[in-house]
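The residues making up each chain are set out below.
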Amino acid sequence: MTDLRPRPGPFVRPEFEHPAVAPGGAADAAGAPLGPIDWLLDQAWVRRTLILAGLVLLWEAYARALGNPLMVPSFSDTVAALWDAAVDGPLLGRTLTSLRVLLLGYAGGVLLAAVLTGLAVSSRIGTDLLSTLTAMFNPLPAIALLPLALLWFGLGTGSLVFVIIHS
């Protein structure tokens, strides 16, 4: 037999009040408008920028105090090396090569997934094949297959694409 009595709504605790915040400007608890510094520090991007600047200053100070650029290079040395590699060095070409390998792996993975999914929805053998392959390869992290991929495909794009497809 079903119970047709109306059920009460959620219990509302009267000691909690959540007043509506008026749109249009930040204010302190008393409702007075914030000063320019308080308003600025109320912005998330300003706080995060200040934190990043503080971390950069700590990095630079520690690197200079340590005095060993091989262990901890300074922030200024790192930015200078990045600038040199981006403008005069091979960084852009190597970045494009990495993106090409990633896109090859992604396209191969999408194509293989479409074929295996098509087989799985069209036949019982395909369903069994996909579930068996999933059970076999799912526990393996992709990086665990890298030594095997290097043996199969050699040092090059093929082994990286294989690992990306597995991922």
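Residues numbered from 1 in each chain as written. Predicted model: local features only at pLDDT ≥ 70, side-chain atom pairs only at ≥ 80, totals over all residues. Heavy atoms only, no water.

Colleague: I'd like a description of the packing of aromatic side chains, backed by residues and values.
Modeller: This structure, assessed with the given rule, holds four aromatic pairs. Taking 5.2 Å as the distance between ring centres and 70° as the angle between the ring planes, the aromatic pair formed by Trp 59 and Phe 75 counts as edge-to-face. With Trp 59 in helix 2 (residues 44-66) and Phe 75 in helix 3 (residues 75-87), this residue pair connects regions lying 16 residues apart in the sequence. Overall, Trp 59 belongs to the partly exposed group, its relative accessible area being 33%. Among the residues examined, Phe 75 registers a relative accessible area of 29% and is labelled partly exposed. Here Trp 152 and Phe 162 contribute two aromatic rings whose centre-to-centre distance is 5.8 Å and whose plane-to-plane angle is 70°, an arrangement assigned as edge-to-face. With Trp 152 in helix 6 (residues 146-153) and Phe 162 in helix 7 (residues 157-166), this residue pair connects regions lying 10 residues apart in the sequence. (Phe/Tyr/Trp six-rings, centres within 6.5 Å; stacked < 30°, edge-to-face > 60°. Helix = DSSP H or I, 4+ residues; strand = E, 2+ residues; numbered from the N terminus. Buried < 20%, exposed > 50% of the residue type's maximum accessible area, 1.4 Å probe, protein only.)

Colleague: With reference to specific residues and values, describe the packing of helix 4 (residues 91-122) against helix 7.
Modeller: Where helix 4 meets helix 7, the axes come as close as 8 Å, and the angle between the chain directions of the two elements is 50°. The angle between helix 4 and helix 7 falls in the class oblique. The crossing of helix 4 and helix 7 is right-handed. Between helix 4 and helix 7, the residues in contact are Arg 100, Val 101, Leu 102, Leu 104, Gly 105, Tyr 106, Gly 108, Gly 109 and Leu 112 and Thr 157, Leu 160, Val 161, Ile 164 and Ile 165, respectively. Within the contact of helix 4 with helix 7, the residues separate by chemical class into nine nonpolar, four polar and one charged. (Axes fitted to C-alpha atoms, helices over the stretch in contact; angles between N-to-C directions. Parallel < 35°, antiparallel > 145°, perpendicular 65-115°, else oblique. Left-handed = near helix turned anticlockwise from the far one by under 90°. Contact = heavy atoms within 4.5 Å. Nonpolar A, V, L, I, M, F, W, Y, C, P; charged D, E, K, R; others polar.)

Colleague: Let's hear about the environment of Leu 103: which residues, and what values?
Modeller: Note on placement: Leu 103 falls in helix 4. Separated by 58 residues in sequence, Leu 103 and Val 161 have C-alpha atoms that sit 8.9 Å apart.

Colleague: Tell me about the side chain of Glu 60, residues and numbers included.
Modeller: Mapped onto the elements, Glu 60 comes out in helix 2. One polar contact links the side chain of Glu 60 to the main-chain amide nitrogen of Ser 76, over a distance of 3.0 Å. Residues contacting Glu 60, with those up to four places away along its chain left out, are Ser 74, Phe 75 and Ser 76. (Polar contact = N/O pair within 3.5 Å; in protein donor to acceptor, adjacent residues only side chain to side chain.)

Colleague: Describe the confidence of the model for the protein chain, naming the residues involved and giving the relevant values.
Modeller: When pLDDT is averaged along the protein chain, the result is 86, and 82% of the positions lie at 70 or above. Of all secondary-structure elements in the protein chain, the lowest mean pLDDT belongs to helix 1 (residues 36-41), at 86, while helix 2 reaches the highest, 96. (pLDDT = per-residue confidence, 0-100.)

Colleague: So, the packing of helix 4 against helix 5 (residues 124-137): which residues are in play, and what are the values?
Modeller: The angle between the axes and the distance between the axes are what describe a pair of packed helices. Relative orientation of the contacting elements helix 4 and helix 5 amounts to 130°, with a least axis distance of 6 Å. By the angle class used here, helix 4 and helix 5 are oblique. Counted together, Leu 116, Leu 119 and Ala 120 of helix 4 and Gly 126, Thr 127, Leu 129, Leu 130 and Leu 133 of helix 5 form the full contact between these two elements. Residues of the contact of helix 4 with helix 5, tallied by class, amount to six nonpolar, two polar and no charged.

Colleague: Can you lay out helix 4 for me, pointing to particular residues and giving the numbers?
Modeller: The end-to-end C-alpha separation of helix 4 is 46 Å, in line with the 46 Å expected for 32 residues at 1.5 Å each. Residues of helix 4 that are buried include every one of Val 101, Gly 105, Gly 108, Gly 109, Leu 116 and Ala 120, and no others. Against the buried residues of helix 4 lie helix 5 and helix 7. (Expected span 1.5 Å × (residues − 1).)

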